[in-house]
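The lines below spell out each chain.
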Amino acid sequence: MDSDKTGGNRIWLGFIGGGMLATALGFCALDLAPASASAPVFGVMLLLTGGLLSCLAGAVGMAGMLAWIPGMASEPERAAHRAPAGQRTK
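Okay, so let's go over this structure.

Cut-offs applied
- Per chain, residues are indexed from 1 in the order of the written sequence.
- In keeping with the predicted nature of the model, local features appear solely for residues at pLDDT of at least 70, side-chain atom pairs appear and are counted solely at 80 or more, and the whole-chain, interface and lining totals rest on all residues.
- Side-chain measures were taken over the full set of non-hydrogen atoms in the model, leaving aside hydrogen atoms and water.
- In this description a helix means any DSSP run of H or I spanning at least four residues, a strand means any run of E spanning at least two, and both kinds are numbered starting from the N terminus.
- Buried, partly exposed and exposed residues are distinguished by accessible area as a fraction of the type maximum, computed with a 1.4 Å probe on protein chains only: under 20%, between the cut-offs, and over 50%, respectively.
- The contact definition used throughout considers only heavy atoms, calling two residues in contact when any of these lie within 4.5 Å.
- Here a polar contact is recorded for every N or O atom pair within 3.5 Å, except that within protein the pair must consist of a potential hydrogen donor and a potential acceptor, and residues adjacent in sequence are included only if both atoms are side-chain atoms.

### Looking at the overall build of the protein
Looking only at helices and strands, the protein features three helices and zero strands. Reading the secondary structure of the protein in the N-to-C direction produces α-α-α. Buried positions account for 18% of the 90 residues belonging to the protein. Restricting the contact set of the protein to residue pairs at least 6 apart, pairs at least 24 apart contribute 61%.

### Describing the environment of Leu53
Among the structural elements, Leu53 can be located in helix α2 (residues 42-65). Of the residues examined, Leu53 reaches a relative accessible area of 56% and is grouped as exposed. Distance in space between the C-alpha atoms of Leu53 and Gly19 is 7.2 Å, their sequence separation being 34 residues.

### Examining the environment of Gly17
As for its position among the elements, Gly17 is in helix α1 (residues 5-32). On the basis of relative accessibility, which here comes to 35%, the residue Gly17 falls in the partly exposed class. It is 7.4 Å that separates the C-alpha atoms of Gly17 and Cys55, two residues lying 38 residues apart in sequence.

### Overview of the side chain of Thr23
Tracing the chain through its elements places Thr23 in helix α1. Judged by its relative accessible area of 9%, Thr23 is buried. Here Leu52 takes part through its backbone nitrogen, which lies 3.3 Å from a polar atom of the side chain of Thr23. Each residue touching Thr23, except ones within four places of it in the same chain, is listed here: Leu47, Leu48, Gly51 and Leu52.

So, in structure tokens, the structure goes:
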């Protein structure tokens, strides 16, 4: 289970996809709001901000899983990238 990268990628892609869906629903609801309303309804703002935050969390999680962010890779992956002590250059 530790080497199961596919399941982890699906989770982060689910966060990104769900966030995009919530954001799209928020924008659609914003377009349907009457023009006389001065401020969007709380639910619309919740959909927009929640969707964008979900996309952000998914992107950061995906970047960390792929070790694009320094220091977020797990310990076994970091150990695999280290050179053995006898092969280090000066």
